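# Residue-level structure breakdown
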Amino acid sequence: MGYTIHELHEQLVKKEISAVELTKKIMAHRDAVEGDIHAYLSTSDKAALETAARVDEKIAKGEEISDLAGIPGAIKDNMCIKGETCTAASKMLEHWVSPYDATVIEKLKKEDFISLGKTNMDEFAMGSSTERSAFGPSRNPWNTDYVPGGSSGGSAAAVAATEAIWSLGSDTGGSIRQPASFNGIVGLKPTYGLVSRYGLLAFASSLDQIGPLTKDVTDAAIVLNAIAGHDERDSTSIPQEKKDYRKALIRDVKGMRIGVPKEFFGKGIKPETKEAIDKALAFYEKEGAEIVDVSIPHINSGVSVYYIIAPAEASSNLARYDGVSYGFRAEGKDIIDMYIKTRSQGFGEEVKRRIMLGNYVLSAGYYDAYYLKALKVRTLLKQEFDEAFKKCDVIAAPSASGTSFKFGAFSDPLSLYMEDICTVPVNLIGAPSISIPVGFKDDLPLGMQLIGRTLGEETILQAAYTFEQAHPEFTRTAPKGEIKEIGKLLRLKNAGNR
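Residues numbered from 1 in each chain as written. Predicted model: local features only at pLDDT ≥ 70, side-chain atom pairs only at ≥ 80, totals over all residues. Heavy atoms only, no water.

Take the overall build of the protein next. Looking only at helices and strands, the protein features 16 helices and 11 strands. With respect to the principal axes defined by its C-alpha atoms, the protein has extents near 75 × 65 × 45 Å. Taken across its 498 residues, the protein has 60% of its residues classed as buried. Counting contacts in the protein only where the partners sit at least 6 residues apart, residues at least 24 apart contribute 77% of the total. Of the roughly 19200 Å² of accessible surface on the protein, 50% is carried by carbon and sulfur atoms. (Helix = DSSP H or I, 4+ residues; strand = E, 2+ residues; numbered from the N terminus. Buried < 20%, exposed > 50% of the residue type's maximum accessible area, 1.4 Å probe, protein only. Contact = heavy atoms within 4.5 Å. Areas by Shrake-Rupley, 256 points an atom, 1.4 Å probe, with all protein chains shown as cover.)

This next bit is on a nonpolar patch on the surface. A cluster of nonpolar side chains, Leu357, Tyr360, Tyr366 and Tyr370, forms an exposed patch at the surface whose accessible area comes to about 340 Å². Considering the arrangement of structural elements, one finds tyrosine 370 in helix H12 (residues 367–389). Note on tyrosine 370: relative accessible area 34%, which makes it partly exposed. (Patch = residues over 30% accessible without salt bridge, like charges linked within 9 Å, V, L, I, M, F, W, Y side chains within 5 Å. Salt bridge = Lys/Arg side-chain N within 4 Å of Asp/Glu carboxyl O.)

Looking at where threonine 4 falls in the secondary structure, it is placed in the segment before helix H1 (5–13). When its relative accessible area of 0% is taken as the criterion, threonine 4 is described as buried. Of the polar contacts made by the side chain of threonine 4, one reaches the side chain of glutamate 7; its length is 3.1 Å. Residues contacting threonine 4, with those up to four places away along its chain left out, are Ile165, Lys215, Asp216 and Asp219. (Polar contact = N/O pair within 3.5 Å; in protein donor to acceptor, adjacent residues only side chain to side chain.)

According to the stated counting rule, one finds 22 aromatic pairs in the structure shown. For the ring pair tryptophan 96 and tyrosine 326, a centre distance of 5.8 Å and an interplane angle of 35° mean the geometry is tilted. Taken together, the positions of tryptophan 96 in the loop between strand S2 (72–76) and helix H4 (103–110) and tyrosine 326 in the loop between helix H9 (302–317) and helix H10 (335–346) put the pair 230 residues apart, joining distant regions of the chain. Aromatic side chains phenylalanine 124 and tyrosine 321 sit 5.1 Å apart centroid to centroid with 50° between the ring planes, which places their arrangement in the tilted category. On the criterion of sequence distance, the pair formed by phenylalanine 124 in the loop between strand S3 (114–119) and helix H5 (153–160) and tyrosine 321 in the loop between H9 and H10 is long-range, its members being 197 residues apart. Exposure remark for phenylalanine 124: the relative accessible area of 3% places this residue in the buried category. Each member of the aromatic cluster is reached from another via a ring pair, and the members are Trp142, Phe283, Tyr284, Phe440, Phe467 and Phe474. In this arrangement the basic side chain of arginine 139 is found over the ring face of phenylalanine 407, its NZ or CZ atom lying 4.5 Å from the centre. The lysine or arginine in question, arginine 476, covers the ring of phenylalanine 440, its NZ or CZ lying 3.8 Å from the ring centre. (Phe/Tyr/Trp six-rings, centres within 6.5 Å; stacked < 30°, edge-to-face > 60°. Lys NZ or Arg CZ within 6 Å of the ring centre and 35° of its normal.)

Here aspartate 278 lies in helix H8 (residues 271–286). By relative accessible area, which is 35% here, aspartate 278 ends up partly exposed. Measuring from C-alpha to C-alpha, the distance between aspartate 278 and alanine 396 comes to 9.9 Å, with 118 residues separating the pair along the chain.

Further remarks concern helix H2 (residues 19–37). Aspartate 31 marks the point of greatest bend in H2, at about 35°. Residues of H2 that are buried include every one of Ala19, Val20, Leu22, Thr23, Ile26, Met27, His29, Arg30, Val33, Glu34 and Ile37, and no others. Positive phi appears at histidine 38, one or two residues downstream of H2, with a value of about 55°. (Bend = angle between axes of the 7 residues up to and from the residue.)

Applying the stated rule across the entire model yields 25 salt bridges. Here lysine 480 makes a salt bridge to aspartate 36, at a shortest N to O gap of 2.9 Å. Pair noted here: lysine 480 is in the loop between helix H15 (457–470) and helix H16 (486–490) and aspartate 36 is in helix H2, with a separation of 444 residues, a long-range link. Overall, the relative accessible area of 36% leaves aspartate 36 in the partly exposed class. Through salt bridges with shared partners, one network takes in Arg132, Glu349, Glu350, Arg353 and Arg354.

What follows is the structure, given as structure tokens:
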């Protein structure tokens, strides 16, 4: 499994390791494997070691530390950290330095979190393989001939390769869950509005959500504890009382109803994926859960709806990158020429494709035919999920059609879009979903997602934890993530001086 947040926290509190030595060790391992993985776009080692030293001082003084204090993590490079570049893996923002912290970063700083750097991604989160990064793709730590998924591919690869113990990603149409599945780790997409989007560079504002990528379910609950909460600066943030999601980590599914929509297991889902999920469902049934057949007829319309709504919102959100206020600027003979050259040279092919699609579906002649109709189907999809949840507490589905795929496997953009069929419906309805490892095929991980009702994070965490605790063989470390004798290497030489 590799070292987890909760294991390392216990060792820090017991003074079996120090935060500085832990951070140095993970940084050294990161530097050793980063040439193969390319999980990071930038690093922040000096700030990381300064924070680690403060955590060690607190421990030495007998002060209480948070669960995340002193544990090295990484942040997807579309979240603002004051004084650091925030590129969204785009030439448009290659040299832009954020003047402020995102809300999630403010919250994490209060926890004495350690960021080792900003992770690679598909440009402006538009992609499913991290092949769309302007700075080169990340690679899968299980087999570097394969993609790590996307758009949070760098965040997932960093955790799977133990280049970070945990990371943050963003999920607009599956960009946390699909790379979690491809990398054999846990990825949690929270309820829309549970985690503030303030300081997240927008792709599609009604779909984007920040969430954790971690080694196990317990760590996902720990990170969610730190980042969840109402934020007045985000108009879509849900007012709510603070929760401790670790209380949901109970190994018990007796009486829980797990829904299985046949529409999620149709054409395109690989036999090994269905077999792994069938075994997981058999386990749940043996543990006392009730497996219920449910139907969500418009699931297969999800990709079509998503690729109308998301580009429409993206075309509006990305209009601000015009070379005037900040970011990349190309020289032009006049302001119109400057606009055209800036956006032509600053944006990559996939971003330009989605901007054009978004402008098209929002245009006067096609708004009613495409965009308005997509909004109606989105509402219908939400109603169908609500009906399904009257019969069940959790819905089980694939996180992806199968294992990861090789680089260049999808030269046709439309074929790659169809790979999102398992995940985009969850974003369209704003529900929470967690991806957990459930098997392997040819030494590559397979994932299953557990979808919950709005604000039903506790239920999906409990279901995920129950499965994980009974199947430790699925949460093993990727070959590139192994750090031999890490415990011995991290022990302080002179324990008596602490």
